[in-house]
Amino acid sequence: FKGTCGFYHKAVLKIHLSSFVHVVLHGDMEFFTLFYTEYEKSKELPEAYRYAAAYEYAFSHFTPAITPGELIVGSRNFSPAPEIVKAWKETYHDIAMARQVQHGQDSHMAIDYELLLSQGVLGVIAKIDGYLENCEEEKVPFYSCCKQCLQGIIRYSENYAAAALALAEKETDGQTKEELLRIGKICKKVPAHPAESFYEAVQAVHFISHCLSLNPYRLCSQQFQLGHPDRYLLPYYEKDIQSGALTKEFAQLLLDCLGIQINMRVPSGLSSGYMVGGRDEKGNLVANELTEMCMQVIDDIQLVYPAVGLCCTPEMPETYLEQACRLLQKGYSHPAIFNDDVIARGLMAYGVPEEQAHNYIHSTCVEITPVAASNVWVASPYHNMPQFLLDIMDRE
């Protein structure tokens, strides 16, 4: 059996994947149990409606997990109730395993975060309602089920708001109480409604990515990326900085918390992150304070993720590449450095429109995928860069 990273014996790979699924399920067990509990109750429904009903039910009843000190919330529940563990092991594990998709690929992409932040989930639902008014009959199940799934995510966020406010009522520390009250207020608003502040935008981006990572047809966390946060978060950052509602230090703290949450939702051995720099859809250079701050997350939290990519152009001030080099000099494995001009030209050569060719993501490690337009998963070719260096040095 040939894997993308080398050669593996089938039996060894099977044991590795089984162990990986077991670790992931410990955090996602409650969600999957809730999903398949409802899924088994609705066998009379067509598959799409059956999935949507179970998905909405699972998110509507999924227990919010808020760790003390968190500023950005939304994560896997690593302490499921004993009855959940019992039901999963005795009943729903086998049902779920029999339903797993054995082929195809999803995730490895970034969604349209600008749409999410500007219109909110309710805005997306409104778009779906518009499609439902005029679409062909065969498309009705798809749009109807998308709407129902999104409604489940809104309820999940509302449950987080309620949980934060309940914790605030019991909290005696003044600062912690204020933080929980603020989290409750934010989760009442986003991702359902458009974000208006930097804090709301960061929370909405993480919350949707967290929800997308839970796929009951694949018992492993999905690898959704965060696109280019130094582009879509910049208007919120600049507005709040100018009004005095936000300091650069607190903004950095929120980005650091976002980075920690990525580590909480992505199992060891996978990858998730974002890209910074490069050019926008009009070909204008992107290089700003958030570009630096998103890279600074690497040094601040010193964890495996986020996997950060820096898109370099000849016009980019050297300070950004120098910052990347300083981080790499410390022994971190990222930021990875990408030649923006070469990648954009390559995408356009294959027919990708120019505005999309400037808006790409390294889907996990190095594979290039247009943001909000594709989930193409390209697993090759890989190049052994150290070997190239050794070849130049005339060493084996």
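Scroll up for the structure.
Rules used in this analysis
- The residue count restarts for each chain, going from 1 along the sequence in the order it is written.
- Only residues with pLDDT of at least 70 get local features here, since the model is predicted, and only at 80 or more are side-chain atom pairs given and counted; chain-wide, interface and lining totals rely on the full set of residues.
- With hydrogens and water set aside, each side-chain value is computed from the structure's full complement of heavy atoms.
- What counts as an axis is a line fitted to C-alpha atoms, over the stretch in contact for a helix, and the angles between N-to-C directions run from 0 to 180 degrees.
- Secondary structure elements follow DSSP: runs of H or I no shorter than four residues count as helices, runs of E no shorter than two count as strands, and numbering proceeds from the N terminus.
- In these notes the angle categories are as follows: under 35 degrees is roughly parallel, over 145 is roughly antiparallel, 65 to 115 is roughly perpendicular, and the rest is oblique.
- By the convention used here, residues are in contact when the closest approach between their heavy atoms is within 4.5 Å.
- Think of it as three bins: nonpolar holds Ala, Val, Leu, Ile, Met, Phe, Trp, Tyr, Cys and Pro, charged holds Asp, Glu, Lys and Arg, and polar takes everything else, Gly as well.
- Every case where a carboxyl oxygen of Asp or Glu lies within 4 Å of a side-chain nitrogen of Lys or Arg is listed as a salt bridge.
- When a residue's accessible area, from a 1.4 Å probe over protein chains only, is under 20% of the maximum for its type it is buried; when over 50% it is exposed; and in between it is partly exposed.
- The term nonpolar core refers to a set of buried residues drawn from Ala, Val, Leu, Ile, Met, Phe, Trp, Tyr and Cys, joined through side-chain atoms within 4.5 Å.

Trainee: Lay out the packing of helix 11 (residues 289–301) against helix 12 (residues 318–329) with the relevant residues and their values.
Mentor: Contact geometry of helix 11 with helix 12 gives a least axis separation of 10 Å together with a crossing angle of 5 degrees. Considered as vectors, helix 11 and helix 12 are oriented roughly parallel to each other. From helix 11, T291, E292, M295, Q296, I298 and D299 reach across to helix 12, where they touch Y320, Q323, A324 and L327. Split by residue class, the contact of helix 11 with helix 12 holds five nonpolar, three polar and two charged.

Trainee: Tell me what's going on with the pattern of salt bridges, and back it up with residues and numbers.
Mentor: Opposite charge on two side chains lets them pair, provided their charged atoms get close. This model, assessed by the stated rule, comprises 16 salt bridges. A salt bridge links K86 to E90, with the nearest nitrogen and oxygen atoms 3.0 Å apart. Of this pair, K86 and E90 both sit in helix 3 (residues 82–99), separated by four residues, roughly a single helical turn. Classification of K86 by relative accessible area gives partly exposed; the value is 48%. With a shortest N-O distance of 3.4 Å, E136 and K139 are connected by a salt bridge.

Trainee: Any chance you could break down the nonpolar core for me, citing the residues and the numbers?
Mentor: The biggest cluster of nonpolar side chains holds 106 residues, and the ones touching the most others in it are F35, F59, L117, F198 and L233. With 11 residues, the single largest contributor to this core is helix 5 (residues 140–170). Excluding residues within four positions of it along the chain, F59 makes contact with F31, G152, I153, Y156, N159, C211 and L214.

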